[in-house]
Amino acid sequence: MANELSKYWGYFMLEFKRTSFYWPELILRTLLIILRLILPYSIFSILAHTNRITLEQSHAALWAVLIGQIIYGSVLNMPKSIKNEVRTGEINIRITEPVIYVLAKMSMAMGKFVPYFTTNVLIFFPLFILLFPSNINYFQLFIFSIISALICNLISLNIGLTSFLIEENDGILLISQKLFMIFGNQMIPVMLMPLWIQTIAKYTPFYLGLAGPIEVASGRWSVIGASFSGTAYIIFFLILAQWQVRTIRRRMITNG
């Protein structure tokens with residue numbers, strides 16, 4: 001058992017060290033977050049000053065954009081890497097290695113998430129706590145950020161695996177990105193959308209993937225409800241990914 005776990009720990013550390021080594025990329029992604037915060041900050045400030053939303057709501061909306069950008073920026077670009085594996089035939093080697101392919105990919109994904117998330121938390125949280133105070137439970141925020149990162153990476157993994165069945169899966173990736181932006185508090189806060197859209201959003205993995213952490217931490221979504229949804233989505237996407245891997249392996253054996 002310990003030997004099996006050490007394999008996935010090795011994948012985790014491999015990506016952790018790679019991400020930490022390329023620190024200029026971390027800085028660049030941090031600068032991108034700053035640029036992406038400028039427009040929401042301007043819009044929410046205007047809405048708050050014109051009394052269309054409260055100051056607390058504007059602060060919560062900015063926190064939502066920040067957390068969403070940090071999580072989405074930490075997602076491993078698996079659709080591209082898996083597509084390359086499929087095109088070069090490397091996928092045939094990867095899925096026959098003495099490890100569970102899905103868990104190996106997810107270990108690498110979390111190896112990127114940890115340094116990226118930690119770096120941005122250390123940079124942005126002190127500033128946001130000072131400039132945009134909000135009633136947030138930070139422990140819940142951290143816990144559900146991990147859950148959200150798992151969901152986002154599992155969606156990315158499943159999209160990547162479709163490249164074996166659908167050679168050009170860019171359309172699926174584009175649709176998922178747009179759904180993350182809409183339901184993940186990255187364009188218009190879900191709390192400001194019509195009630196029927198809010199209801200639909202809460203049943204999607206895209207909402208929990210980016211909006212979930214701040215919604216739970218700010219008390220707008222129950223811990224129990226979000227935990228149940230998060231667990232269900234993680235299990236579902238793990239099963240779906242494993243099914244895709246088995247389908248790929250079976251087709252390779254059949255077709256050679």
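Residues numbered from 1 in each chain as written. Predicted model: local features only at pLDDT ≥ 70, side-chain atom pairs only at ≥ 80, totals over all residues. Heavy atoms only, no water.

Chemist: Mind showing me how you'd approach the side chain of S156 here?
Modeler: Along the chain, S156 falls in helix α7 (residues 138-165). The exposure class of S156 is buried, given its relative accessible area of 8%. (Helix = DSSP H or I, 4+ residues; strand = E, 2+ residues; numbered from the N terminus. Buried < 20%, exposed > 50% of the residue type's maximum accessible area, 1.4 Å probe, protein only.)

Chemist: Explanation requested: helix α8 (residues 170-183) in the structure shown.
Modeler: Think of an α-helix as 3.6 residues a turn; residues three or four steps apart then line up on the same face. Given a rise of 1.5 Å per residue, 14 residues ought to cover 20 Å, and the 20 Å separating the end C-alpha atoms of α8 matches this to within 8%. Looking at the residues trailing α8, positive phi occurs at N185, about 70°. (Expected span 1.5 Å × (residues − 1).)

Chemist: Could you clarify how one ought to interpret the layout of surface pockets in this entry?
Modeler: Remark: the empty space left among the atoms is shown by a probe the size of a water molecule rolled over them. Quantified by volume, the largest pocket comes out at close to 800 Å³. What lines the largest pocket is a set of 38 residues, and nearest its centre among them are V75, L76, N77, M78 and K112. Counting residues per element, the ones that place at least two in the lining of the largest pocket are α1 (2-21), α2 (23-49), α3 (55-73), α4 (78-88), α6 (101-131), α7 and α8. Tallying contributions element by element places α6 first for the lining of the largest pocket, with 6 residues. For the lining of the largest pocket, the residue count by class is 20 nonpolar, 7 polar and 11 charged. (1 Å grid on protein atoms, 1.4 Å probe; cavity = no way out; pocket = protein on both sides within 12 Å on 5 of 7 lines; lining within 4 Å. Points joined across faces, edges and corners; volume = space filled by probe spheres on them. Nonpolar A, V, L, I, M, F, W, Y, C, P; charged D, E, K, R; others polar.)

Chemist: For this particular structure, what's the right way to read empty space enclosed by the protein?
Modeler: Throughout the structure, instances matching the rule amount to 1 cavity of 30 Å³ or more. Roughly 50 Å³ of internal volume is contained in the largest cavity. Secondary structure elements with two or more residues in the lining of the largest cavity: α1, α2 and α6. Ranked by residues supplied to the lining of the largest cavity, first place goes to α2 with 3 residues. In terms of residue class, the lining of the largest cavity is built from 3 nonpolar, 1 polar and 4 charged.

Chemist: I would appreciate a short explanation of the packing of α6 against α7 in the present structure.
Modeler: Two quantities define a packed helix pair, namely the angle between the helix axes and the distance between the axes. Two elements in contact, α6 and α7, have axes whose closest approach is 9 Å; the angle formed by their N-to-C orientations is 140°. As judged from the angle between their axes, α6 and α7 are oblique. Of the two elements, α6 crosses α7, and the hand of that crossing is right-handed. Packed against α6, whose contacting residues are Y101, V102, K105, M106, A109, M110, F113, F117, V121, F125 and I129, the element α7 presents Y138, L141, F142, S145, I146, A149, L150, N153, L154, L157 and L161 at the interface. Its residues assigned to classes, the contact of α6 with α7 shows 19 nonpolar, 2 polar and 1 charged. (Axes fitted to C-alpha atoms, helices over the stretch in contact; angles between N-to-C directions. Parallel < 35°, antiparallel > 145°, perpendicular 65-115°, else oblique. Left-handed = near helix turned anticlockwise from the far one by under 90°. Contact = heavy atoms within 4.5 Å.)

Worth remembering: the numbers are spatial, not functional.
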